[in-house]
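# Examining the three-dimensional arrangement
Now for the letters of each chain:
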Amino acid sequence: MPSRQPSFLPAISLNNLEKRAQLLPKLRAFFDARDFFEIETPLLASEVIPELHIEPIRTASGEFLQASPELHMKRLLAAGATAIYQVTRSFRAGERGQLHNPEFTIIEWYRVGDDIMAGIGLLDELCQTLLATPPAARTSYTEAFLRALNIDPRKASVDELATIAESANVAAPTGMQRDNRDEWLNLLLSTRVEPQLGCERPEILYHYPASQAALARITTTKSGYHVAERFELYYHGIELANGFHELTDAAELRDRFEKVNAARVADRRQPVPLPETLFAALDHGIPPCTGCALGFDRLAMLALDQTSIDDVIAFPRSP
């Protein structure tokens, strides 16, 4: 009978850790060749970006462990940086599973002058470099829903989305706001659309509903619909990266964050302090740019042909 692995040893083999480490020089060489420079920013801050579906970790001193390095990186853009990236740790409460760990490695970058298509192109090039994939398919959010569910997410009512979910045997989770279109869209996306994305080659989803813009600009398509200039990378049904043609209007961003905090309160969760330093940076002036964040643990999982991020993290949190 095989002996049990001592609990003090890492959860994975040193061979997997070495293969994971080999991705980092490739990543840095990719950005160096494109005149980015690597930066470091604090992990602790007094402010955090309010998000409805992400719960930050607050320390005993009242500060937050960063869920993303975005706040400080945009302050560097306001100072004149034009192409920056960083490899860092991020933290989110209550996230644990096959693709989630409360502490994880994130790659985040920004380049001034890029629109959404330039941002998509850069992400595609990075994916090809690190995973040796063919060029990514580029699919609009609307096209993905039409392909997977034969429904146009721009036009479908709450009742129609609920009917689609019921016919697909997708149950609404406890506490879900059943009169909220975005909640139904997110449910169908995660359960029925995402598993079909990037099955044969990477796939980048773009032009999300304007109501899901987060920190992205909103634009109008040729057909007259308002959409968010937001994009996400999927491979084998797994979300790897999330990017925005960045919103640089402080007043509009403040309004969005206040609505997120109101939604958090309605969901019986604490509001979070608004990021006044980010608003100040935007008021000072950030040029048009595109930014993107990529989950390095998930990328390493795919690169090493593993089925869980636990197979590429030395000391994952216990379930």
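Up top is the structure these notes are about.
What comes next concerns the included structure. Counting from 1, residues in each chain are numbered in the order their sequence is written. Since the coordinates come from a predicted model, pLDDT governs what is reported: local features require at least 70, and pairs of side-chain atoms require 80 or more to be given and counted, while whole-chain, interface and lining totals use all residues. Processing note: side-chain calculations cover all non-hydrogen atoms of the structure and skip hydrogens and water entirely.

### Observations concerning the overall build of the protein chain
Applicable threshold: Note on conventions: DSSP H or I runs of at least 4 residues are helices, E runs of at least 2 residues are strands, and numbering of each starts at the N terminus. Only the C-alpha atoms count toward the radius of gyration. The rule for a globule is 2.2 Å times the residue count to the power 0.38. In this scheme, a residue with accessible area under 20% of its type's maximum is buried, one over 50% is exposed, and one in between is partly exposed, where area comes from a 1.4 Å probe on protein chains only. Throughout, a contact is declared for two residues whenever any of their heavy atoms are within 4.5 Å. All accessible-area figures derive from a Shrake-Rupley calculation using a 1.4 Å probe, and residue coverage is judged against the displayed protein chains alone. His is not counted here, nor are the chain ends, while Lys and Arg score as positive and Asp and Glu score as negative. To locate a charge, take NZ of a lysine, CZ of an arginine, CG of an aspartate or CD of a glutamate.
Tallying secondary structure elements over the protein chain gives 10 helices and 12 strands in all. Computed over the C-alpha atoms, the radius of gyration of the protein chain is 20 Å, within 12% of the 20 Å expected from 2.2 N^0.38 for a compact globule of 319 residues. Summarising its shape, the C-alpha atoms of the protein chain cover approximately 60 × 50 × 45 Å along the three principal directions. For the protein chain, the residues scored as buried account for 50% of the 319 residues in total. Expressed as a percentage of contacts within the protein chain between residues at least 6 apart in sequence, the contacts between residues at least 24 apart total 69%. Of the roughly 15500 Å² of accessible surface on the protein chain, 51% is carried by carbon and sulfur atoms. Distance between charge centroids for the protein chain: 2 Å, based on 32 positive and 43 negative side chains.

### Some details on helix 3 (residues 70-78)
Residues lying three or four places apart along an α-helix face the same way, a consequence of the helix completing one turn every 3.6 residues. Counting buried positions over the 9 residues of helix 3 gives 7, a clear majority of the element. When helix 3 is considered as a whole, its buried residues turn out to be E70, L71, H72, M73, K74, L77 and A78. Close packing links the buried residues of helix 3 with strand 2 (44-45), strand 5 (83-91), strand 6 (103-112), helix 9 (276-284) and strand 12 (289-295).

### Here we look at the side chain of N101
Note the cut-off: Within 3.5 Å is the distance limit for a polar contact, defined as a pair of N or O atoms, with the added protein rule that one can donate a hydrogen and the other accept it, and that residues adjacent in sequence qualify only through two side-chain atoms.
On the secondary structure map, N101 appears in the loop between strand 5 and strand 6. A distance of 2.8 Å separates the side chain of N101 from the backbone oxygen of E103, its partner in a polar contact. Not counting residues up to four positions away in its chain, the partners in contact with N101 are E95, R96, I309, I313, P316 and R317.

### Some remarks on the packing of aromatic side chains
The test is simple: Between 30 and 60 degrees the pair is tilted, below 30 it is stacked and above 60 it is edge-to-face, where a pair is any two Phe, Tyr or Trp rings, Trp via its six-membered ring, whose centres lie within 6.5 Å. To sit over a ring, a charge needs its Lys NZ or Arg CZ within 6 Å of the ring centre and within 35 degrees of the ring normal.
Overall, the coordinates contain 7 aromatic pairs when judged by the stated rule. Seen from their ring centres, F31 and Y85 are 4.6 Å apart, and the 15° between their planes marks the pair as stacked. Of the two residues, F31 sits in helix 2 (residues 23-32) while Y85 sits in strand 5, which places them 54 residues apart along the sequence. Following the ring pairs from residue to residue traces out a cluster consisting of F30, F31, F36, Y85 and W109. Positioned above the aromatic ring of Y225, the side-chain terminus of R154 is 4.2 Å from the ring centre.

### Quick notes on the sheet that holds strand 2
Worth spelling out the cut-off: In this description, strands pair whenever DSSP reports at least two bridges between them.
With antiparallel pairing, 3 strands are arranged side by side in an open sheet as 2-4-3. Pairing within the sheet leaves two strands with one partner each, and these edge strands are strand 2 and strand 3 (57-58). Bridge analysis of strand 3 against strand 4 (residues 64-65) gives 2 bridges, and the strand direction is antiparallel. Looking across to strand 4, one finds that R58 is bridged to F64.

### Thoughts on the pattern of salt bridges
What counts here: Salt bridges are defined by distance alone: a side-chain nitrogen of Lys or Arg within 4 Å of a carboxyl oxygen of Asp or Glu.
Counted according to the given criterion, the structure contains 18 salt bridges. The residue D114 makes a salt bridge to R111 at a minimum N-O spacing of 2.8 Å. Accessibility expressed as a relative area gives 10% for D114, which makes it buried. Residue R111 is classed as partly exposed on the basis of its relative accessible area of 23%. In this structure, R147 engages E203 in a salt bridge whose closest nitrogen and oxygen atoms are separated by 3.0 Å. Remark: E203 occurs in strand 8 (residues 203-209) and R147 occurs in helix 5 (residues 141-149); sequence separation between them is 56 residues. Linked by salt bridges that have partners in common, E55, R264, D267 and R269 make up one network.

### Considerations on the environment of A165
Its location among the elements puts A165 in helix 6 (residues 158-167). Put simply, A165 and D124 are 41 residues apart on the chain and 32 Å apart in space, counted from C-alpha to C-alpha. Among all residues touching A165, those that are not within four sequence positions of it are V170, W184 and L188.

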